[in-house]
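Analysis of the macromolecular model
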Amino acid sequence: MNCGVAISQIETPPRKIATISKYRTTGLTGDAEGENVSHIAVFKPIWRSILELETIETRFGADCAMRVLVQWATSQALTDATTADANLTRGRVLAEISGLIAAWDVTADREKQDVVVQWLSRMADDTMLFFDNEAGPKSARNNHRYWAALALASIGSLSGDQAKIEWARQSYRIGVCQVTEDGTLPLEMQRGALARNYHLYAFRPLAGTYVALRKIGQPLDDICSGSLQRLENATLNGIHDAALFEAATTKHQTEPPREETYPSHLRLETLTRKLREG
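Here's a quick rundown of the structure. (Residues numbered from 1 in each chain as written. Predicted model: local features only at pLDDT ≥ 70, side-chain atom pairs only at ≥ 80, totals over all residues. Heavy atoms only, no water.)

With respect to the overall build of the chain
- Each helix and strand counted, the chain has 12 helices and 2 strands in total.
- Element order for the chain, N to C, with α for helix and β for strand: α-β-α-α-β-α-α-α-α-α-α-α-α-α.
- For the chain, the spread of C-alpha atoms along the three principal axes comes to 55 × 50 × 40 Å.
- Out of the 278 residues belonging to the chain, those deemed buried represent 50%.
- As displayed, the chain has an accessible area near 12,600 Å², and 50% of this comes from carbon and sulfur atoms.
- Of the charged side chains in the chain, 31 are positive and 34 negative; the average position of the first set lies 1 Å away from that of the second. (Helix = DSSP H or I, 4+ residues; strand = E, 2+ residues; numbered from the N terminus. Buried < 20%, exposed > 50% of the residue type's maximum accessible area, 1.4 Å probe, protein only. Areas by Shrake-Rupley, 256 points an atom, 1.4 Å probe, with all protein chains shown as cover. Lys, Arg positive; Asp, Glu negative; His and termini not counted. Charge placed at Lys NZ, Arg CZ, Asp CG, Glu CD.)

A few points about the layout of surface pockets
- Empty space within the second largest pocket amounts to approximately 350 Å³.
- G99, A102, S154, A212 and K215 are the residues nearest the centre of the second largest pocket, which is lined by 17 residues in total.
- At the level of elements, helix 4 (84-103), helix 6 (143-159), helix 9 (195-215) and helix 12 (268-277) are the ones that each hand at least two residues to the lining of the second largest pocket.
- Looking at the lining of the second largest pocket residue by residue, the classes come out as 10 nonpolar, 5 polar and 2 charged. (1 Å grid on protein atoms, 1.4 Å probe; cavity = no way out; pocket = protein on both sides within 12 Å on 5 of 7 lines; lining within 4 Å. Points joined across faces, edges and corners; volume = space filled by probe spheres on them. Nonpolar A, V, L, I, M, F, W, Y, C, P; charged D, E, K, R; others polar.)

Topic: the environment of T235
- The topology assignment puts T235 in helix 10 (residues 227-240).
- Between the C-alpha atoms of T235 and G217, which are 18 residues apart in sequence, the distance is 27 Å.
- T235 has contacts with H199, L200 and F203, leaving out every residue within four places of it along the chain. (Contact = heavy atoms within 4.5 Å.)

Observations concerning unusual backbone geometry
- Positive phi, close to 70 degrees, is recorded for L78, a residue that is not glycine.
- Looking at where L78 falls in the secondary structure, it is placed in the loop between helix 3 (62-74) and strand 2 (80-81).
- Assessed through its relative accessible area of 0%, L78 is described here as buried.
- The backbone of T250 sits at a positive phi, close to 55 degrees, despite the residue not being glycine.
- Assignment of secondary structure puts T250 in the loop between helix 11 (243-249) and helix 12.
- Looking at T250, the relative accessible area reads 67%, which means it is exposed.

Comments concerning the packing of aromatic side chains
- Overall, the coordinates contain 5 aromatic pairs when judged by the stated rule.
- Measuring from centroid to centroid gives 6.1 Å for Y198 and Y201, while their planes differ by 75 degrees, and the two rings are edge-to-face. With a gap of 3 residues between them, Y198 and Y201 both fall in helix 9, about one helical turn apart. An identical accessibility class is assigned to Y198 and Y201; each is buried.
- Ring-pair connections join several aromatic residues into one group, and the members of that group are F130, F131 and W167.
- It is R92 that lies over the ring of W47; its NZ or CZ is 3.9 Å from the centre.
- Across the ring face of Y198, the terminal group of R191 is positioned such that the distance to the ring centre comes to 4.0 Å. (Phe/Tyr/Trp six-rings, centres within 6.5 Å; stacked < 30°, edge-to-face > 60°. Lys NZ or Arg CZ within 6 Å of the ring centre and 35° of its normal.)

Observations concerning the packing of helix 4 against helix 6
- Contact geometry for helix 4 and helix 6: axes closest at 8 Å, N-to-C directions at 35 degrees. Handedness of the helix 4/helix 6 crossing: left-handed. Residues L88, G91, R92, L94, A95, S98, G99, I101 and A102 of helix 4 form the contact with helix 6, whose own contacting residues are H144, W147, L150, A151, S154, I155 and L158.
- Here the contact of helix 4 with helix 6 is built from residues that sort into 10 nonpolar, 5 polar and 1 charged. (Axes fitted to C-alpha atoms, helices over the stretch in contact; angles between N-to-C directions. Left-handed = near helix turned anticlockwise from the far one by under 90°.)

With respect to the environment of R145
- For R145, the location among the structural elements is in helix 6.
- Exposure remark for R145: the relative accessible area of 7% places this residue in the buried category.
- On a C-alpha basis, the gap between R145 and D63 in space is 31 Å, while along the polypeptide they are 82 residues apart.
- Apart from the residues within four sequence positions on either side, R145 is in contact with F131, D132, S139, A140, W167, S171 and I174.

Encoded structure:
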């Protein structure tokens, strides 16, 4: 298989995303199943395409992977997020894509990078507007905001846009300054049986934002110092011993998802190693 064949096998994400949260019901019939399909049917192929994109870079190099992203950019993939769930979930998508680019050596082809970064920047601008003006009070402060922070940190670093970087910094502050003395996040502790999993989910973008901004010489150590470390300790210890989360929620905790569902730069082993490298 060559680069061209590999590219042809990756599904381009849709331009319009109009999903409904997988945790909501209609309120009329109580039928959540149909709504689950709406969210999963749209985003599962997107997650798969991003993982395939990383595989292409590994096998054929950054130039081949950037050709895929130029294709996505020219088709305006993901640019029309019309529901709250679509806007909230797209933050993670943007964080994954921009994080991959940041890890690749793509400086040899500035033209491709410029096309892709402009596409990402447009969605980053929409993300800031959504969280500043439309997101609900919990979504504006919970894991969704942290994924948006990572997206803006990565895209701002790629584009040199200091306003995006500052927004990421303030969003990181919103998250990390909520960490309690026992290392937990109150809004994520409200998830019941999923509290441990949502702490893992929230820790990834907070740690990623810390690493991304330190890399460009804008460290976050002055923001609620020690809080990220406490969150890391509680979260990672909770993988093998869920007692802290079960005591707080009185619920048996659901098993965490496989690490392979995330690109390599967002896996816990990678993030914790990078936190130590600084």
